[in-house]
Every structure is written in C-alpha cells, then in structure tokens.
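Residues per chain, in single letters:
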Amino acid sequence: MAAKRVYFFGGGKAEGHGGMKDVLGGKGAGLAEMTNLGVPVPPGFTISTEVCNLFYKNRGKIPPDVNREIAANLVRLEKLAGKKLGDPKNPLLVSVRSGSKFSMPGMMDTILNLGLNDKSVEGIAQKSKNPRFAYDSYRRFLMMFSDVVLGIDKEHFEEVFDQKKKERSVSSDVDLTAADLKDLCGKFKGFVKGRLRKEFPQDPAAQLELARDAVLKSWNNDRAKYYRKANGIPDDIGTAVNVQAMVFGNMGDDCATGVGFTRNPATGANEFYGEYLINAQGEDVVAGIRTPKPITALKKEMPRVFGQLVKITGKLEKHYKDVQDFEFTVESDKLYMLQTRNGKRTATAAVKIAVDMVNEKLITREEAVMRLDPQQIDQLLHPVIDPKAKVEVIAKGLPASPGAATGAVVFHADRAVEWAMEGKAVILVRKETSPDDIHGMDVARGILTAKGGMTSHAAVVARQMGKTCVAGCEAIDVDEGTHRFMVGSRMIREGEFISLNGSTGEVILGQVPLIAPKMTGSFGTLMSWADGIRRLKVRANADTPRDARTAREFGAQGIGLCRTEHMFFAEDRIPLMREMILARTREEREAALTKLLPLQREDFKGLYREMKGYPVTIRLLDPPLHEFLPKREDLMVEVTKLDLVRADRTIIEEKRRLLERVEELHEFNPMLGLRGCRLGILYPEISRMQARAIFEAACEVTKEGIRVQPEVMIPLVSMVQEMRAQKELIVGVAEETMKRYKRKFPYTVGTMIELPRAAVTADEIALEAEFFSFGTNDLTQTTFGFSRDDSGKIIQYYMARSELCTRCGTKLEKDLSCASCKITYQKRPENILEADVFATLDQTGVGQLVRMGVEKGRAARPGLKVGICGEHGGDPKSVDFCHRVGLDYVSCSPYRVPIARLSAAQAVLREREAARQPKKQ
C-alpha cells in the first residue's frame, strides 16, 4: 500500500491531528486539530512535508502517485463544498499556503483566490450579486499569482493600482468601483502578457499545480533560508502545502478578516489582542495596506461574531495550554477560523505568560521554565530609555515591540546590512516591511514603519527577533527613493540619528541615553524557579567591580574568570607596564612591579567586596608582553618621521630603545609563544607580584568582615611540571602574606585547561591543580588549528558552502546552477561546519577533550571542581553539554548569566524527560 501523503480535513473530521507537525506542518496540524475540536474551519487538504523533500529530490517534479492522491482529495473537497474548480458558474476558489513544522511568519509564499479566470469571475459576480467583490478578488489573485508564481514583482501592479486611485481621486482601495477593478484586471493581464509574451494562465487546474510548486520552491527562497539559519531551523524538514476552500472577508460590510492573539504578545497581558478590517482579505491586515481596527472594536460592529470568536480562541488556548496566534474571516456574518498556532511573543511577554499560566494552573513550573528559549532572555537585558533624559518626540506610532533603540536612519535592508557590518547602529525605516527585508531587520537596532498595525509583518517579526519596533506611524511620510522621511515640515535624511521607544510608540529625534534593565517581577519569579531546578552553578567573567556588580544583579554565583591583563590596559597603568617590560634586569623589573602592586591590590579588593564571599577565580597574566607595547610597524614609522624632522635626540633615543625591545619580544606566532605560565616561569617576579596583590587584598577585605574565596588560576599549562613550579610560588606567597596579616581564609590554586595536551594528561596535572577551568576559546583554537583572530572568513565559508559554487564561490541559483561557471549541481555541496565553533562548543572534537579532562582529572583527584570560562559558557547548547559531562559550573559574560541559568535548568528537565522515555531494545 502506498504511503499516505495527502490529508483531508473538513465536515467536522480530519485525517490528521495537532500532534502531526512533522508531517502536516504547524498550519496543517492546527487546521486538523481545530476541525476535530468542532471549530468552524473551511475544508481542505494538506500535502505533507515529505512531498516537499520528494519535490527537491526529483528536481522539481511531484511523483505521479502523489498527483493522483492530490486529485482524489480535490474531488472530495469539491463534493463537500458543493462547488467545482474551474466551473464558470459556481467555481470553487482555494487558497494555497505553506506551513512548516516551525512557524516562519511571512518567509514562504501564499496564493489566495486561486481558480478565478475571465469566465469564473463573471460567475462569481452573478452568484454573489456583487460584481465589485468578484473583481476585487480577481485583481488580488492576478497580483499575487503574478508575483509568487510568475516572478513579476508586485510593485509593478501596485504602481498601476495607485495610479488608478489617483485617477479616481480616492485614497482607499474600498472606494474603487466594480468598473475600476475590472479595468485594473485588464491592465494587470496586459502587463503580464507584455512581460512574459504569453497570456495569464486561465486553466484553474494548471493554476493549482503552478501555485503548489511555487509554494514548495519558496522553502528555499533567500528569506526562508536566512530565517532558518538565524533561528536554527533544519533545512531538511520541508514545508507542507495547505489547499483550502476560500471564505471571503471582502464581500461587503457584513464581512471581515483579522488576526489576533489570546494574550498581548508584546507585554504578556491577559487581554484579547489583535486587529481586523471590514470588507477586506487577510493580506490587507498583515501587509499594512489599510490601517486596521483593534479587535475589541469588533464587539460593537459584530457583537455575535465577537462573542463566538472570544469563546473559540479561549477554548483553543486551554486546549493547547499556550497563547494562540489565530486568523479568522467573517463571510456574511459567519465566522471561520483559518489558523491557530502557538503565538510568537517578545521575551517580556513570554516570561509573564509563562508565570501567569502557572498561577492559573494551566501549566507546571517545570513547563514554564521550558517555555522560554534561553536566547530570548537577551531581549530582556537590553537597555531602555533613561526616564531622566530630556527627549524631543517628533512622532508617535504603535508600540509594536517593546524596548528602546537608537541609531542612524537607513531606508533599505541592504544598506542596513552594509552599515551594520561597518559597526554602525542603524534604525531601518520603511513605508512597510516585507519578508524580503528580513536581513535588514535582523541587523537593525530598531524598526520604524509608516504603515501597518500591531500584527503587521514588521510587528510580528520584530517581536520574534526581540527588536524594538514602532509601526503604523502615519505622521511620517517616507520617501525611500530619495532616502528621507518628513514629519510635518521637518526632514530626516539617511544617516541622521533617531531613537525609538517601542513601549510607547514614540519616535525621538537624535540619540538618547539608555539604561540597563532589572531582573524583577515575573522575570525574577521564573528565574527563581529555574534556580531551584538546575545543578550547574553559574559564574561570570568579570574584570572590574562594575562588571562584578552587574553579574551579581543577574544572579552570578561568583567570578569564574578575572583576566588580570585587562587591568593593566588602563591609561594610568600602561606606562608602568611598559617600564616593567623594558627593564633589563630583575631589579628594574621588580621596581616597576612594586608600583603596580597597590593598583592591582585595589582592583582585587573591589572584586572581593562585590562578590561578598562568593568564589573569585583570578587568572594570572596570560597574553604576550608585546601586547602592552606599541605596534612594531607603527614605531618604525614614528622613528623615521622623528629623524626626518630632526626631533629632540632624547625623544628619538627613547623611541629607539622601545623599538629595540619590541624587536626582541617579536614572535612569529605569539599566541603559542611567551605567554601564560611560561611568562611566570621565566619572570617569576611577575607571578609573585600578582600573588601578593591577590592575597594582600583578601587579607585587607577580611578585616572589613567580608568573607573571601580566592581561586588562583595558572594559564596555558600543558605539563604538570609547569603547574608545580607556579603553584609552589603562589602557595609560598599566600602563606607568607596570611602570616604577616595574621589572617586565615580558604584559597585554591588551579589551572586553565586550554591546550589539548593538558586535557590528555589531566590526571597528572590534577595531582597539583585543585580545580580545572576549561578555557574553551583557546582549546577550540588549538584543537582545530583555527586562529581566533583570522579564521572568521574560513568559518563563514565552511558554514555557507552549501549555498555556493565550490569552483568560484558564486551564490547558487534556486535550481543549483552557477551563473558564472555555467554548471548545475546534482545536489547541494556539503557544509563543512553547521555552527561557529567559537560560539557553540564543538562537542564531537573539543567536547571530547573536555570529557576526557573531567574524567581523568577526577580519577586522580576525587571531587575535583571543574568549570568552563570560555564564551561557550553562555551558549545554551554548550551549557547543556557541560551539564551532561558533569561540570560544576559555567562562567560567561555578566549579561549572559540569566541565559546560562535558564539553560542549566532546562538541561536538567531534558535529562529527566529522557530518563522517563522507554529504553530502545
């Protein structure tokens, strides 16, 4: 028996259900589940995601058995609807929509009103007794089909449409008559014929086949691929295609269309939220073509429909136990539900909704903790406008996505990417965004649109991305062609700065000061639940008291990495460091170090005070000494210039001595040269000074009644002998200092495991080291042989190789052809890397070294404390790995501490869930 690949829904029963997202996609599963629940849903059928993969495997062809299955389901739909596709008097019209397992709003294509042609439009006009509705639907279909299927940009049709409104002196499309719309249909078809040298397709069966294939092809359009990459969605899951009988919100004033959420997706408030338009179709609301009304106004205009809508969506929220994002159409006062799915929401809303649903006993605390994507927390930690700041508000729109942003105005997505790559903060300003703007929205700090509402494309995508957004700001007149917008008589040109308050909808002139948020309210509650679940402790990488204070505010349980070299880069300390480096004798070096000692001691005292008894891991000086000196090339140029202008000989000689020392310290590969513990072994006076500062600071702070837990970390150890040599020095200084101060406190001496040899010989090193901290930045560098500073281009190519011609590097076309080399690939080239190994830990290679180091270290020293302090400590996937291999803590930048806390809790819950699953035989 052939595998089932098409699933029918309608007549109160569906062949699928809500748990079949892998097969039906999110939209199809939602339609099936609503049908089974008795919700009014127009009938239709879903072509499974498997067909998408078959389509690409067969180079854009649908297998014959699948075509037969589609045809059988179309006959079934026609019988249920009492209409026939292509019937000139009583035609069935359908929508053809995408829908993958994971929501990808606006990234793929949709065609509405399919089945219309020159004959059936007349049949619709006669049957409905509403010619305006018939020709409005036909012109929509012509525009959408031409854009999505025939590849003619919709802007061409919009220009013709706008010109017609100007001719008729009307501002809204609803003011155009049936005759106007019929004339537009003729012009649209004429444009298509002129562009393609053939007539617009009139056969509805051919229209359906072409539309189906276009939707499948849209799985691999640029914006969909970009979105999947940005959101970690696999490329091989494919999209389903939903073919559904049309219901019409544009037949008259007893018709409407709208989108909504069962709770506010921006704030999380438990309020009915959404927008609608009378006498319109769905794309009018989402695309911002007309400014919609708030959904609460429907209660006055259509009270019975509103009551039914509230009841149905409330039922759906309780059924799914999550906020629902729904679409609906009202045709002749009858309500139809077109979609339901778990709603995209801001991080602020996600936290509040999760906590509220626990309080409402809809979900458990554990479910609430799993509801939030750890990366979403980053949105909560972005600044807001300082309430004390004086601001000049020049316009106000809809508060579509909260937060605050400031940046230079740009009017095109490509320009936004260019400027962002140059390090500029940008605000993307558009009349209205479209899915093609996704790459510009991704890099922008904020988004401002002149049109659209709270459920427009800009609003929905911005909320999901965590971007500040002000939408529907009708006070601004955007001229994308001349790169400027007007607010009254004021002109804002590209490159000028504006600020957005996404919580109020305010557009502010210039840059405004921003302040960091606080972890309070629902966020604090959710994080306390996470803390009660997780096993891993979370520390922060912090080098200053200010960083340490921020880390504690975000819940850090200590400092996992204090990089002492950062303390020496301060303006008042660089001269002292250079004095020490330029010293020719040990005595001269010690004299310079004596000047640095009190400064370093005060640094450590500040950290101890902020940590109030939590452990503070201090890494001894790690980088090569040349990093504290001017660049060799710059000095050579400077000396030459001084000679040419015959400058003071004393200055020239001083610069020459500096250049000579730089030449002496020059290394061809400094990252593998004189640095880390090697520096402390060759120049023990450096380690001795740092150890004195660490322990003298600890002694002085204990006098203030503050507990201390210093952990001294020796960097770049590859042999136990190196560890032993430095440990003996540190312990000697510690004991002498505590004796001198008459103070006693616990301390440990450990090492950073950042070289493969250290991981392989961890059992030997653990005989001396009292703790390990995996420095996964350098461990990744030395394991792969990738330079952290120079490998960016290589890694980016490795991650994008499947999109490129392997001969010339040109981006491949949709059919896998290369325009430059004139070749077509049979299958996509393979990516060499799927993720940046410096952002997400390579578990196969580097991760195995970590696992080996943990196991060997604890075999030699039971109870050995082990952590990680690379950038991976704040990456959710890496935190999950750290939990599984038994680390005691992770350490990350202060602003990623909450991300790590939540990730650590989710790792525990995933582990529990896996344990509950039956073991495979």
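The preceding data block contains the structure.
A. Inspection of the overall build of the chain at higher detail. Counting its secondary structure elements, the chain contains 34 helices and 34 strands. Taking 2.2 N^0.38 as the reference for a compact globule, 921 residues should give roughly 29 Å; the C-alpha atoms of the chain span a radius of gyration of 32 Å, in line with that estimate. Overall, the C-alpha framework of the chain stretches about 105 × 75 × 60 Å when taken along its three principal axes. Per-residue burial over the chain gives 55% buried out of 921 residues.

B. A look at the pairing of strand S23 (residues 506-509). As paired strands, strand S13 (residues 393-396) and S23 are joined by three bridges and run antiparallel to one another. Paired with Ala395 across the two strands is Val507, which belongs to S23. As paired strands, strand S22 (residues 497-501) and S23 are joined by four bridges and run antiparallel to one another. The residue bridging Leu500 from the neighbouring strand is Val507, located in S23. Between S22 and S23, which pair antiparallel in sequence order, lie four residues; one of them, Gly505, sits at a positive phi of approximately 85 degrees.

C. View of helix H7 (residues 178-196). Compared with the 27 Å implied by 1.5 Å per residue over 19 residues, the 27 Å span of H7 between its first and last C-alpha is a close match. Within H7, the full set of buried residues consists of Asp180, Leu181, Leu184, Cys185, Phe188, Lys189 and Val192. Contacts made by the buried residues of H7 are with helix H5 (131-148) and helix H6 (154-167). Of the residues one or two after H7, Arg197 is the one with positive phi, at around 65 degrees.

D. Quick peek at the nonpolar core. In terms of nonpolar packing, the biggest core is built from 124 residues, with Phe604, Tyr608, Phe695, Phe772 and Leu887 touching the most fellow members. Per-element accounting of this core gives the leading share, ten residues, to helix H26 (residues 684-702). When near neighbours in sequence (up to four residues on either side) are disregarded, Phe695 contacts Pro710, Val712, Ile730, Ala734, Thr737, Phe745 and Tyr747. Core analysis: the next-biggest nonpolar cluster, separate from the first, contains 78 residues, Met104, Ile111, Leu176 and Val243 among them.

E. Spatial organisation of the sheet that holds strand S19 (residues 476-479). The sheet built from three strands is open, its strands ordered S19-S20-S21 with antiparallel pairing. The open sheet terminates on both sides in strands that have one partner only, identified here as S19 and strand S21 (490-493). With strand direction ignored, the average angle separating the axes of adjacent strands in the sheet is 20 degrees. Pairing geometry for strand S20 (residues 484-487) and S21, over four bridges, is antiparallel. The residue of S21 that forms the bridge with Arg484 is Arg493.

F. Fine view of the packing of aromatic side chains. Taken as a whole, this structure holds 16 aromatic pairs when the rule is applied. On the numbers, 6.4 Å between centres and 15 degrees between planes, the contact of Phe695 with Phe745 is stacked. Here Phe695 is found in helix H26, whereas its partner Phe745 is found in the loop between helix H27 (720-741) and strand S29 (748-753), with 50 residues between them in sequence. Residues Phe695 and Phe745 agree in their burial class; the two are buried. Ring centres of Phe784 and Phe786 lie 5.1 Å apart, and the angle between their planes is 5 degrees; this geometry places the pair in the stacked category.

G. Representation of the pattern of salt bridges. Across all of its chains, the model carries 71 salt bridges by this definition. Where Asp162 meets Lys165, a salt bridge forms, and the shortest distance between an N and an O atom there is 3.9 Å. Of this pair, Asp162 and Lys165 both sit in helix H6, separated by three residues, roughly a single helical turn. A salt bridge links Arg609 to Glu704; the shortest N-O distance between them is 2.7 Å. Highlighted residues: Arg609 in helix H22 (residues 586-611) and Glu704 in the loop between H26 and strand S28 (709-714), separated in sequence by 95 residues.

H. Local environment of the state of the cysteines. All chains considered together, the criterion is met by zero disulfides. Free of any disulfide, Cys869 has its nearest cysteine sulfur in Cys882, 11 Å distant.

I. Molecular detail of the packing of H22 against H26. At a minimum axis separation of 7 Å, H22 and H26 run at an interaxial angle of 35 degrees. Considering how the two elements wind past one another, H22 and H26 form a crossing that is right-handed. When its residues are assigned to classes, the contact of H22 with H26 shows twelve nonpolar, two polar and eleven charged.

J. Main features of the pairing of strand S17 (residues 446-449). On S17, burial covers both faces: Gly446 and Leu448 on one face and Ile447 and Thr449 on the other are all buried. Looking at chain direction, strand S16 (residues 426-430) and S17 are connected through four bridges and run parallel. Considered in S17, the bridge of Ile427 is made with Gly446. What joins S16 to S17 is helix H17 (residues 438-443), and the crossover it makes is right-handed. The pairing of S17 with strand S18 (residues 468-471) spans three bridges and is parallel. For Ile447, the partnering residue across the bridge sits in S18 and is Cys469.

K. Structural view of the sheet that holds strand S27 (residues 615-619). Overall, parallel pairing links the eight strands, which are arranged S25-S26-S27-S28-S29-S30-S33-S34 in a closed barrel. Strand-to-strand, the axes of this sheet are offset by a mean angle of 25 degrees, without reference to chain direction. Bridge analysis of S27 against S28 gives five bridges, and the strand direction is parallel. Considered in S28, the bridge of Ile618 is made with Val712. Seen against the sheet, H26 touches S27 and S28 and runs at an angle of roughly 175 degrees to S28.

L. Spatial organisation of the packing of helix H13 (residues 347-359) against helix H19 (residues 521-533). Their axes nearest at 9 Å, the elements H13 and H19 cross at an angle of 70 degrees. It follows that H13 is roughly perpendicular to H19 by the angle criterion. Of the two elements, H13 crosses H19, and the hand of that crossing is left-handed. Residues Val351, Lys352, Val355 and Val358 of H13 lie in contact with H19, whose contacting residues are Ser522, Phe523, Thr525, Leu526 and Trp529. Its residues assigned to classes, the contact of H13 with H19 comprises six nonpolar, two polar and one charged.

M. Representation of the side chain of Arg97 within the structure. Examined against the element boundaries, Arg97 turns out to sit in strand S4 (residues 94-100). Of the polar contacts made by the side chain of Arg97, one reaches the side chain of Glu327; its length is 3.1 Å. Those residues in contact with Arg97, other than ones at most four positions away along the chain, are Lys27, Asp109, Thr110, Leu112, Val215, Ala240, Val241, Asn242, Glu327 and Leu338.

N. Inspection of unusual backbone geometry at higher detail. Of note in the backbone geometry, Lys321 takes a positive phi value of approximately 55 degrees without being a glycine. Within the element layout of this structure, Lys321 appears in the loop between helix H12 (303-320) and strand S10 (324-331).

O. Highlighting helix H16 (residues 413-421). Three or more residues of H16 are buried, namely Ala413, Ala416 and Trp419. All buried residues of H16 fall inside an arc of 125 degrees around its axis, so they share one side. Tucked inside the fold, the buried residues of H16 contact strand S15 (404-410), S16 and H17.

P. Spotlight on the environment of Phe141. Within the element layout of this structure, Phe141 appears in helix H5. Put simply, Phe141 and Leu112 are 29 residues apart on the chain and 6.1 Å apart in space, counted from C-alpha to C-alpha.

Q. Representation of a negative patch on the surface in the model. A surface patch of like charges, here negative, comprises Asp153, Glu155, Glu158 and Glu159. Within the fold, Glu159 resides in helix H6.

R. Representation of the environment of Ile377 in the model. Within the element layout of this structure, Ile377 appears in helix H15 (residues 377-380). Its relative accessible area of 0% is what places Ile377 among the buried residues. The contact partners of Ile377, leaving out residues within four places of it in the chain, are Leu372, Phe523, Met527, Pro898, Ile899 and Leu902.

S. Fine view of the side chain of Thr550. Structurally, Thr550 is set in helix H20 (residues 545-553). Beyond its immediate chain neighbours, meaning those up to four positions away, Thr550 contacts Pro894 and Tyr895.

The rules we used
- The residue count restarts for each chain, going from 1 along the sequence in the order it is written.
- Two thresholds apply to this predicted model, a pLDDT of at least 70 for residue-level local features and 80 or more for giving and counting side-chain atom pairs, whereas whole-chain, interface and lining totals are computed over all residues.
- Where side-chain values are given, they derive from all heavy atoms of the structure, hydrogens and water being excluded.
- Strands are runs of DSSP state E lasting at least 2 residues, helices are runs of H or I lasting at least 4, and numbering of each runs from the N terminus.
- The quantity called the radius of gyration is restricted to C-alpha atoms. Its globule counterpart is 2.2 Å times the number of residues to the power 0.38.
- We call a residue buried when its accessible area falls under 20% of the maximum for its residue type, exposed when it is over 50%, and partly exposed in between, using a 1.4 Å probe and counting protein chains only.
- Two strands qualify as a pair provided that DSSP identifies no fewer than 2 bridges between them.
- Here a helix's expected span is defined as the number of its residues, less one, multiplied by 1.5 Å.
- The contact criterion used throughout is that any non-hydrogen atoms of two residues lie within 4.5 Å.
- Take the buried residues of types Ala, Val, Leu, Ile, Met, Phe, Trp, Tyr and Cys, join any two whose side-chain atoms come within 4.5 Å, and each joined set is a nonpolar core.
- Simply put, an axis is a line fit to the C-alpha atoms, just over the touching stretch for a helix, and the angle between two N-to-C directions goes from 0 to 180 degrees.
- Put simply, two rings from Phe, Tyr or Trp (the six-membered ring, in Trp's case) pair if the centres are within 6.5 Å, and we call them stacked under 30 degrees between planes, edge-to-face over 60, tilted for the rest.
- Should a side-chain nitrogen of Lys or Arg be within 4 Å of a carboxyl oxygen of Asp or Glu, the pair is scored as a salt bridge.
- Any two cysteine sulfur atoms lying within 2.5 Å of each other are counted as a disulfide.
- Crossing handedness follows the turn of the near helix against the far one: under a right angle anticlockwise gives a left-handed crossing, and clockwise gives a right-handed one.
- Basically, the charged four are Asp, Glu, Lys and Arg, the nonpolar ten are Ala, Val, Leu, Ile, Met, Phe, Trp, Tyr, Cys and Pro, and anything else, Gly included, counts as polar.
- Here the term right-handed applies to a crossover when the path leading from its first strand over the helix to its second strand runs clockwise, the strands being oriented away from the viewer.
- Orientation labels follow simple angle bins: below 35 degrees gives roughly parallel, above 145 gives roughly antiparallel, 65 to 115 gives roughly perpendicular, and whatever is left gives oblique.
- We define a polar contact as two N or O atoms separated by no more than 3.5 Å, with the added condition that, inside protein, one atom must be a possible hydrogen donor and the other a possible acceptor, whereas residues neighbouring each other in sequence contribute only through side-chain atom pairs.
- Within this analysis, the arc is defined by the directions that extend from the helix axis to the C-beta atoms.
- Excluding any residue in a salt bridge, patches collect residues exceeding 30% relative accessible area, merging like charges within 9 Å and nonpolar Val, Leu, Ile, Met, Phe, Trp and Tyr side chains within 5 Å.
- To be clear on the numbers: accessible area is Shrake-Rupley with a 1.4 Å probe, and residue cover counts the displayed protein chains and nothing else.
- In this tally, Asp and Glu contribute negative charge and Lys and Arg positive charge; neither His nor the terminal groups of the chain are included.
- Charged side chains are reduced to one point each, which is NZ for Lys, CZ for Arg, CG for Asp and CD for Glu.

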